Amino acid sequence: MNSHPVRRSVLYITAHYIMTYLGYYGLVSTLVVTLSKAAFSAEQIAMLVILFTLTTKAAKIPLAPWLDRMAATSSVLIGCVMAAAGFVLLCAAKDFYLTACALTLSGTGISINALASKQLAAATSDMMENRAKLFSITYIGINIAAAAAAPLALYLVAKGQYQLVLIGIAVSYCIAGIVTFLNFKQLGMKHPGGGAPSFLAYWKLLYLPGIAPFLLINFFCWLLYGQLFNVLALYVSETLALPGKLGWLYSLNALLVIGLQLLVTHYAHRWSGGKPLGIVHSSYATFALAFIMPFILPGYIGALAFVLLFTFAEMMFAPSMDVLLLSLIGKESRAVGYSVLSISTALGESMGGGMGVAIYRWMANHGHASQFWLVLAGLSLLCIAIAYVLQTSSAGLRAQAAGAA
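Our subject in this report is the structure included herewith.

The rules behind each value
- Residues numbered from 1 in each chain as written.
- Predicted model: local features only at pLDDT ≥ 70, side-chain atom pairs only at ≥ 80, totals over all residues.
- Heavy atoms only, no water.
- Helix = DSSP H or I, 4+ residues; strand = E, 2+ residues; numbered from the N terminus.
- Rg over C-alpha atoms; globule rule 2.2 N^0.38 Å.
- Buried < 20%, exposed > 50% of the residue type's maximum accessible area, 1.4 Å probe, protein only.
- Contact = heavy atoms within 4.5 Å.
- Areas by Shrake-Rupley, 256 points an atom, 1.4 Å probe, with all protein chains shown as cover.
- Lys, Arg positive; Asp, Glu negative; His and termini not counted.
- Charge placed at Lys NZ, Arg CZ, Asp CG, Glu CD.
- Phe/Tyr/Trp six-rings, centres within 6.5 Å; stacked < 30°, edge-to-face > 60°.
- Lys NZ or Arg CZ within 6 Å of the ring centre and 35° of its normal.
- Core = buried A, V, L, I, M, F, W, Y, C linked by side-chain atoms within 4.5 Å.
- Patch = residues over 30% accessible without salt bridge, like charges linked within 9 Å, V, L, I, M, F, W, Y side chains within 5 Å.
- Salt bridge = Lys/Arg side-chain N within 4 Å of Asp/Glu carboxyl O.
- Axes fitted to C-alpha atoms, helices over the stretch in contact; angles between N-to-C directions.
- Parallel < 35°, antiparallel > 145°, perpendicular 65-115°, else oblique.
- Left-handed = near helix turned anticlockwise from the far one by under 90°.
- Nonpolar A, V, L, I, M, F, W, Y, C, P; charged D, E, K, R; others polar.
- Expected span 1.5 Å × (residues − 1).

1. Notes on the overall build of the chain
Within the chain one finds 16 helices and zero strands. Taken over C-alpha atoms, the radius of gyration comes to 21 Å for the chain, in line with the 22 Å a tight globule of 405 residues would show. In terms of its C-alpha atoms, the chain occupies a principal-axis envelope of roughly 55 × 50 × 40 Å. Within the chain, the fraction of its 405 residues that count as buried is 51%. In the chain, once contacts between residues fewer than 6 apart in sequence are set aside, the share between residues at least 24 apart is 83%. By element, 70% of the accessible surface of the chain is carried by carbon and sulfur atoms, the whole surface being about 17,400 Å². Distance between charge centres in the chain, computed from 21 positive and 10 negative side chains, equals 8 Å.

2. Points about the packing of aromatic side chains
As enumerated under the stated definition, the model contains 26 aromatic pairs in all. Between the aromatic rings of Tyr17 and Tyr21, the centroid separation amounts to 6.0 Å while the plane-to-plane angle is 5 degrees, which identifies the pairing as stacked. Of this pair, Tyr17 and Tyr21 both sit in helix α1 (residues 3–37), four residues apart, which is roughly one turn of that helix. For the ring pair Tyr24 and Tyr25, a centre distance of 5.4 Å and an interplane angle of 70 degrees mean the geometry is edge-to-face. Exposure remark for Tyr24: the relative accessible area of 16% places this residue in the buried category. The ring of Tyr300 is capped by Lys245, whose NZ or CZ atom sits 5.1 Å from the centre of that ring.

3. Some remarks on the side chain of Thr180
Of note, Thr180 is situated in helix α7 (residues 162–186). With residues near it in sequence (within four places) discarded, Thr180 still touches His16, Val76 and Leu120.

4. Regarding the nonpolar core
Core analysis: the largest hydrophobic core is formed by 110 residues, its most contacted members being Tyr173, Phe214, Leu232, Tyr284, Phe291 and Phe306. Considering each element in turn, this core owes the most residues, 14 residues, to helix α13 (residues 299–329). The contacts of Phe214, once residues within four sequence positions are left out, are Met321, Leu324, Leu325, Leu328, Leu341 and Leu397.

5. Examining a nonpolar patch on the surface
A cluster of nonpolar side chains, contributed by Val88, Ile167, Val171, Ile175 and Val179, occupies part of the molecular surface with about 370 Å² of accessible area. In terms of residue count, the dominant contributor to the nonpolar patch is α7 (four residues). Examined against the element boundaries, Ile167 turns out to sit in helix α7.

6. As for the environment of Ala305
If you trace the backbone, Ala305 turns up in helix α13. For Ala305, a relative accessible area of 17% gives the class buried. Sequence spacing of Ala305 and Pro294 is eleven residues, and the spatial spacing of their C-alpha atoms is 7.7 Å. Apart from the residues lying within four places of it in its own chain, the contact partners of Ala305 are Met293 and Leu297.

7. Considerations on the packing of helix α3 (residues 60–67) against helix α5 (residues 96–125)
Relative orientation of the contacting elements α3 and α5 amounts to 45 degrees, with a least axis distance of 10 Å. Between α3 and α5, the interaxial angle falls into the category oblique. The interaxial crossing formed by α3 with α5 has right-handed handedness. Every residue of α5 that contacts α3 at Lys60, Leu63, Ala64 and Leu67 is listed here: Thr108, Ser111, Ile112, Ala114, Leu115 and Gln119. Here the residues of the contact of α3 with α5 sort into six nonpolar, three polar and one charged.

8. Digging into helix α9 (residues 211–225)
The end-to-end C-alpha distance of α9 is 21 Å, a good match for the 21 Å that 15 residues give at a rise of 1.5 Å each. The element α9 is extensively covered by neighbouring structure, given that 13 of its 15 residues are classed as buried.

So this is what it looks like as structure tokens:
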């Protein structure tokens, strides 16, 4: 394929990510407020939020084998239309059970779209010399959506326009699904082929050389990443007593990704020789440097330096995980592959955040809050050692380390 269809594919998939994540972040930032205005009790709101979160994260697991047998363009359209229908139903829902049905429908649609979008991005990256560049661009799009959606949606909800927010999210998903379906149809994306869907696809994937150790490496990356929105929040709001400045740190994180992701990806690709495992090792080392900053630099400046270095580590490892996964699984069972990757990611981020908060509180209560950052730095260095052992003991990962992705 020549460069013009590749550029068009990159443009279309990036636009799709921006539009759908504008809707997603607009919803998650206002969902509790919207449910509160609908006069649900605190217990009902908690149950509905958990239901929606679990559906968006877990619905892809049983659906992935079926999605691997469908054209990704069709899956995108189905997912987006299903999500849009759920949002419209949520707008009209008045009782608990209808609201639960609406959230389940929209969450399932979001989950389907998430896998199908990854499949389209993977197919586009097949045509590119540096696959990480495509995933970096979509990552930038997600951060743009995150930075823009929440303030706008919260502003409209504060003005009492929460139904307008839901309709706007539904329209965003619907347009994104239809436009992406039509544009990628014109580009002639290949159908994955026949064959009956089977959950044995998960077992076959896990037995591929290098997959199991790769998932563990990914787990540790997200275990470290989980500290950003959990321990950092405690450190700045409680230890430093500067809760009003926490938002600026998260804004800095998003702006750095938007402004520097492509540059970091370009240079990481060059210095690693196109080997994603080398980039992962560098990201672990950068995490270690980031965690040292609050220990050696006092007050808010330490938190600022932490976010700066932490974001560089994030920008290195996030696209590398996509590249490494596709290098290991090839062009088969990509929906199943991304489904398994999402499980590893969710486990790492949730366990990292939860354990980090628990250990930090325990150490802070015993007067050792600053030493907690040294523990995290040590954990990052341990992750480098574990990744090296996994790499040398796995034929699949050794092959990836030996040649460019």
